[in-house]
Amino acid sequence: MRSEESSRSTSDLSPATARAPGKVILAGEHFVVLGAPAVAMAIDLYSQVQVIPKNGSGVSITADIPLRFLAGKSGNPLVPHPGELLRPLQLKRVVNIDHGLWVNVECEIPVAAGLGSSASTTVAIISAIARSKGIELSKKKIFELAFVPENFLHGKPSGVDQATCIYGSMIQFSRPSNVKTIRPKKDPVLLVCDTGIHHTTRTLVGGVVQKSKREKKDFQNYLAKVREISGRVAKSLREGDDEELGILMNQNHELLRKIGVSHPKLDHLVEVARRAGALGAKLTGAGGGGCVVVLNPSRIVRDRVARVLRREGGTPYKISMDTSGVESRPA
Ligand code: PMV
């Protein structure tokens, strides 16, 4: 395996694969863009990428991405072709590709639902292409490179999504230079539930940033609260204190409602989950639709909550923590 720098000009490509997990944010989304810490967990829903050299030049992409999650009311996908979704990844700028490549993406993460599908796909593609050139990128380097497509897609993201997909497990993220691993005492019994309503992170984040400029005083208070919530969430995970974690998730959801990024369907699913026995529930990711994340006291309760949420029109996924982060290897 060559180092990152020494092999940049190589034209030898070989088949390679990479896999990266999706993520949930347990505390601090949106406020992390404004400087507060977020707590996020990598989940066992993955983007899998295969890279195969081909004759000639140019990159061709095939993608099995669950675009049905993007279908509007008419049933017409908002994005006409999977390749369209990958065009903004600007692969040429990320890794200097001078030969023909076929990139095949299989993504099991619902798209535009707050579960990090774009970060996961981006990170897996970068790792697989580098690996195909015989380069094993450091996690730090993948993190830096992933900002190119992430900025293109989302405006000015904090970096929490790609950090979680790269490092795996659980992290407390304040800014790119301040990422701490959290070692939870036990795996929280979580599920996410998709409303089926989908959002653009860029618009939602832009709206919150504008609001924070107009409502400075309120946002100072919110940011102080989120700093406290994120710190306590990290502590409750380390101590395995699920009761406390659930209370904090509920408080975080209220703050997200206050800044206007929730949606009546998210609020409804949160309410239903709590009534069905969950310890806590909140929207996760950018909001405006997308998913709720629900903490359950046991697997039995989780099964019941999942059934109830499905009856209410949501799509539940029982999730566990991914501990590997991004992985790549020769195919
Ligand atoms: O794109 P999503 O829905 O996974 O949300 C990302 C998290 C935000 O805090 C809303 C944005 C960011 O850049 O941190």
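Residue positions are given per chain, counting from 1 as you read along its sequence in written order. Where local features are concerned, this predicted model is filtered to residues with pLDDT of at least 70; where side-chain atom pairs are given and counted, the filter is 80 or more; whole-chain, interface and lining totals use all residues. Think of the side-chain values as coming from all heavy atoms in the structure, minus any hydrogens and water.

Enquirer: Tell me what's going on with the overall build of the protein, and back it up with residues and numbers.
Expert: Working definition: helices are DSSP H or I runs of at least four residues, strands are E runs of at least two. Numbering for both runs from the N terminus. Scanning the protein from terminus to terminus reveals ten helices and eleven strands. Accessibility here uses a 1.4 Å probe with only protein chains present; expressed as a share of the type maximum, an area under 20% marks a residue as buried, one over 50% as exposed, and anything in between as partly exposed. Taken across its 331 residues, the protein has 56% of its residues classed as buried. In this description, contact between two residues means that some pair of their heavy atoms is separated by no more than 4.5 Å. Restricting to contacts in the protein with at least 6 residues of sequence separation, those with at least 24 account for 77%. Total accessible area computed for the protein in this model is approximately 14,200 Å², and 50% of it derives from carbon and sulfur atoms. Computed by Shrake-Rupley with a 1.4 Å probe, the accessible areas treat only the displayed protein chains as cover when residues are assessed.

Enquirer: Before we move on, could you go through the side chain of Lys282 and cite the residues and values that matter?
Expert: Tracing the backbone through its elements, the reader meets Lys282 in strand E8 (residues 280–284). Within 3.5 Å is the distance limit for a polar contact, defined as a pair of N or O atoms, with the added protein rule that one can donate a hydrogen and the other accept it, and that residues adjacent in sequence qualify only through two side-chain atoms. A polar atom in the side chain of Lys282 sits 2.9 Å from the backbone oxygen of Ile25.

Enquirer: Let's hear about the site of the ligand: which residues, and what values?
Expert: Looking at the ligand, there are 16 residues lining it, with Lys23, His30, Ser158, Thr201 and Ala286 nearest. Between the ligand and the protein, one listed contact pairs an oxygen atom with a side-chain N or O atom of Ser158 at 2.6 Å. Contact distances for the ligand include 2.7 Å between an oxygen atom and a side-chain N or O atom of Thr201. When contributions to the shell around the ligand are tallied by element, the ones reaching two or more residues are strand E1 (16–27), helix H5 (160–167) and helix H6 (201–214). Taken domain by domain, the shell around the ligand gets at least three of its residues from each of domain 1 (2–182) and domain 2 (189–319). We call a residue near a molecule or strand whenever a single non-hydrogen atom of that residue lies within 4 Å of it. For the purposes of this description, domain bounds are those given by an automatic or database domain assignment.

Enquirer: Account for the packing of aromatic side chains, naming residues and giving values.
Expert: Two rings from Phe, Tyr or Trp (for Trp, the six-membered ring) form a pair when their centres are within 6.5 Å of each other. A pair whose planes differ by under 30 degrees is stacked, one over 60 is edge-to-face, and the rest are tilted. One pass over the structure, following the stated rule, counts five aromatic pairs. Ring centres of Phe31 and Tyr222 lie 6.4 Å apart, and the angle between their planes is 75°; on these two criteria the pair is classed as edge-to-face. In this pair, Phe31 is assigned in the loop between E1 and strand E2 (38–53) and Tyr222 in helix H7 (residues 216–239), connecting sequence segments 191 residues apart. One exposure class covers both Phe31 and Tyr222, and it is buried. Ring centres 6.5 Å apart and planes at 50° place the aromatic pair Phe143 and Phe173 in the tilted group. On the criterion of sequence distance, the pair formed by Phe143 in helix H4 (residues 139–154) and Phe173 in strand E5 (residues 170–175) is long-range, its members being 30 residues apart. There is no split in this pair, since Phe143 and Phe173 are both buried. We count a charge as sitting over a ring when the NZ of a lysine or the CZ of an arginine lies within 6 Å of the ring centre and within 35 degrees of the ring normal. The ring centre of Tyr46 lies 3.7 Å from the NZ or CZ of Arg19, which sits over that ring.

Enquirer: I'd love a proper account of the confidence of the model for the protein, names of residues and values included.
Expert: pLDDT expresses how confident the predictor is about each individual residue, on a scale running from 0 to 100. The predicted model of the protein has a mean per-residue pLDDT of 87, with 86% of residues at 70 or higher. The low-confidence segment residues 1–10, where pLDDT is below 50, has 23 contacts with residues more than four positions distant or belonging to other chains. Confidence over residues 67–88 falls short of pLDDT 50; this stretch has 33 contacts with residues more than four positions distant or in other chains.

Enquirer: I'd like a description of H5, backed by residues and values.
Expert: Taken across its eight residues, H5 has seven buried, putting it largely inside the fold. Considered for burial, the residues of H5 that qualify are Val160, Asp161, Gln162, Ala163, Thr164, Cys165 and Ile166. On its buried face, H5 sits against E1, E2, helix H3 (117–132), H4 and E5. Gly168 lies just past H5 and shows a positive phi near 70°.

Enquirer: Any details on the pattern of salt bridges? Residues and values, ideally.
Expert: A side-chain nitrogen of Lys or Arg and a carboxyl oxygen of Asp or Glu constitute a salt bridge if their distance falls within 4 Å. Under the definition given, this model contains 15 salt bridges. Note that Lys211 and Glu215 form a salt bridge whose closest N and O atoms lie 3.4 Å from each other. In this structure Glu215 comes out as partly exposed when scored by relative accessible area, which is 26%. Ionic contacts of the salt-bridge type, sharing partners, join the residues Arg19, Asp322 and Glu327 into one network.

Enquirer: If you had to explain the packing of H3 against H5 to someone new, which residues and values would you point to?
Expert: A fitted line through C-alpha atoms represents every axis, and for helices the fit uses only the stretch in contact; the resulting angles, taken between N-to-C directions, go from 0 to 180 degrees. For the pair H3 and H5, the least separation of the axes is 9 Å and the interaxial angle reads 55°. One finds that H3 runs oblique with respect to H5. As for how H3 packs across H5, the hand of that crossing is right-handed. Contact with H3, carried on its side by Ala119, Ser120 and Val123, involves Asp161, Gln162, Cys165 and Ile166 of H5 and no other residues of that element. Oblique is the label for every angle not falling under 35 degrees (roughly parallel), over 145 degrees (roughly antiparallel), or within 65 to 115 degrees (roughly perpendicular). Crossing handedness is read from the near helix: turned anticlockwise from the far helix by less than a right angle, it gives a left-handed crossing, and turned clockwise, a right-handed one.

Enquirer: Lay out the sheet that holds strand E7 (residues 189–194) with the relevant residues and their values.
Expert: As summarised here, the arrangement of the four strands in space is E8-E9-E7-E10, forming an open sheet in which the pairing is antiparallel. The sheet terminates laterally at E8 and strand E10 (315–319), the two strands that pair on one side only. For this sheet, the mean inter-axis angle between neighbouring strands, taken without regard to orientation, is 25°. Taken together, the six bridges between E7 and strand E9 (residues 291–296) define a ladder with antiparallel strand orientation. Counted as the bridge partner of Val192 is Val293 from E9. Contacts between helix H8 (residues 242–258) and the sheet are confined to E8 and E9, with E8 contributing the most and set at about 40° to the helix. Together, E7, E9 and E10 form the strand contacts of helix H10 (residues 299–311), whose direction differs from that of E7 by roughly 5°. Any two strands with at least two DSSP bridges between them are considered paired.

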